[in-house]
Amino acid sequence: MIDACQLGDARSELAAIGPASSNDLGPLWNAVHLKEAQAASTCPDVHDVMARFIGPSKERDQASVRADSLAISATRDALGDGDLDVAATALACASPYASHGPEGRSLRATAALERAKRCLAGKDWPCARAMAKVAYALGAPDATTITTSAYAAIQGEFDADLASARAETDVSHRVELENNALTLWATYLAAQASREPQP
């Protein structure tokens, strides 16, 4: 009956025989719960079922594998759609074994790299550098390109601010531009440069 996936009938018969806490019925209940887990379509749904397993068992381990598979698949789909928040939520459902395994690391690297690109486009320099570092640590070689691009963009903004400051006749605006340039220099560029910029 359980193998035929007639779960409703199986649950009713087991409940009539005795409570789920019965040692004799535990394996049968776990077999039912495994079928429920295999029928679930999302990782959170599988975890809801796993909460009903009775003690450690091979069925519970198999359900965990099912949850991880769904989490990885959902993460991959979300990244394909460009939805980084949904991807992060989906991967968070996976076990540490799955999220830190080869496929999980690859997906995390992809997500970090995409986040770095978006931060770069938005001129969020701290985010771009931090996420590129994360992506590189996870094995994304393209992350170095993001870091290089970020420094090039920062240098461009720095040069533009200095050029604008030199041409600015309004003292207060000139000071604002110079302060912006100084912040960029001190925060990002000083460690990369061999000489001080000319005022």
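Reading the values: the criteria
- Residues numbered from 1 in each chain as written.
- Predicted model: local features only at pLDDT ≥ 70, side-chain atom pairs only at ≥ 80, totals over all residues.
- Heavy atoms only, no water.
- Helix = DSSP H or I, 4+ residues; strand = E, 2+ residues; numbered from the N terminus.
- Contact = heavy atoms within 4.5 Å.
- Disulfide = S-S within 2.5 Å.
- Buried < 20%, exposed > 50% of the residue type's maximum accessible area, 1.4 Å probe, protein only.
- Salt bridge = Lys/Arg side-chain N within 4 Å of Asp/Glu carboxyl O.
- Arc of directions from axis to C-beta.
- Axes fitted to C-alpha atoms, helices over the stretch in contact; angles between N-to-C directions.
- Parallel < 35°, antiparallel > 145°, perpendicular 65-115°, else oblique.
- Left-handed = near helix turned anticlockwise from the far one by under 90°.
- Nonpolar A, V, L, I, M, F, W, Y, C, P; charged D, E, K, R; others polar.
- Core = buried A, V, L, I, M, F, W, Y, C linked by side-chain atoms within 4.5 Å.
- Polar contact = N/O pair within 3.5 Å; in protein donor to acceptor, adjacent residues only side chain to side chain.

Trainee: Help me understand the overall build of the protein chain in this model?
Mentor: When its secondary structure is counted, the protein chain shows 10 helices and zero strands. Helices and strands appear in the protein chain in the N-to-C order α-α-α-α-α-α-α-α-α-α. Within the protein chain, residue pairs in contact and separated by at least 24 positions form 50% of the contacts whose partners lie at least 6 positions apart.

Trainee: Is there a simple way to explain the state of the cysteines in this structure?
Mentor: Disulfides are covalent bonds that link the sulfur atoms of two cysteine residues. On inspection of all chains with the given rule, the structure shows two disulfides. Paired by a disulfide, cysteine 119 and cysteine 127 hold their sulfur atoms 1.9 Å apart. Handedness of the cysteine 119-cysteine 127 disulfide follows from its S-S torsion of about 40°: it is right-handed. The same class applies to cysteine 119 and to cysteine 127, which are both buried.

Trainee: I keep staring at the pattern of salt bridges and nothing clicks. Help me out?
Mentor: Note on pairing: side chains with opposite charge can pair once their charged atoms come close. The full count for this structure, using the stated rule, is five salt bridges. The partner of glutamate 36 in a salt bridge is arginine 52, with the nearest N and O atoms 3.2 Å apart. A residue pair is termed long-range when its members are at least 10 positions apart, and glutamate 36 in helix α2 (residues 26–39) and arginine 52 in the loop between α3 (43–50) and α4 (58–80) qualify at 16 residues. When the shortest N-O distance is used, the salt bridge between arginine 174 and glutamate 178 registers 3.0 Å. Within this pair, arginine 174 and its partner glutamate 178 are both found in helix α10 (residues 171–189), separated by four residues, close to a single helical turn.

Trainee: How should helix α5 (residues 84–92) be read in this particular structure?
Mentor: One turn of an α-helix holds 3.6 residues; hence residues three or four places apart share an orientation. Considered for burial, the residues of α5 that qualify are Leu84, Ala87, Ala90 and Leu91. Around the axis of α5, the buried residues are gathered within 120° of arc, so they sit on the same side. Structural note: α5 exposes Asp85, Thr89 and Ala92 on the side pointing more than 90 degrees away from its buried face. Where the residues of α5 are buried, they touch α4, α6 (96–99) and α7 (102–121).

Trainee: How should I be thinking about the environment of arginine 174 in this particular structure?
Mentor: Overall, the relative accessible area of 32% leaves arginine 174 in the partly exposed class. Expressed as a C-alpha distance, the spacing of arginine 174 and serine 164, which sit 10 residues apart in the sequence, is 7.7 Å. Setting aside anything within four residues of it in sequence, one finds arginine 174 in contact with Ala165, Arg166 and Glu168.

Trainee: Sorry, what's going on with the packing of helix α9 (residues 143–167) against α10 here?
Mentor: For any two helices packed against each other, the geometry comes down to the angle between their axes and how far apart the axes lie. Where α9 meets α10, the axes come as close as 8 Å, and the angle between the chain directions of the two elements is 155°. Classified by the interaxial angle, the pair formed by α9 and α10 is roughly antiparallel. Crossing geometry of α9 relative to α10 is assigned as left-handed. The residues of α10 that touch α9, namely those facing Tyr151, Ile154, Gln155, Glu157, Phe158, Asp161, Leu162, Ser164, Ala165 and Arg166, are Arg174, Leu177, Glu178, Asn180, Ala181, Leu184, Trp185, Tyr188 and Leu189. Residue composition of the contact of α9 with α10, by class: 11 nonpolar, three polar and five charged.

Trainee: Help me understand the nonpolar core, please; the structure alone is not making it clear to me.
Mentor: For soluble globular proteins, nonpolar side chains are generally found buried alongside one another. In this structure, Phe158, Tyr188 and Leu189 are the most contacted members of the largest nonpolar core, which totals 25 residues. The set of elements that each furnish at least two residues to this core consists of α7, α8 (125–137), α9 and α10. It is α9 that contributes the most residues to this core, seven residues altogether. Counting 22 residues, the second-largest nonpolar core is a separate cluster that includes Ala71, Ala87, Leu91 and Leu107.

Trainee: How do you make sense of the side chain of serine 57 when you look at a structure like this?
Mentor: One can find serine 57 in the loop between α3 and α4. Classification of serine 57 by relative accessible area gives buried; the value is 14%. Polar side-chain contacts of serine 57 include one of 3.1 Å to the backbone nitrogen of arginine 60.

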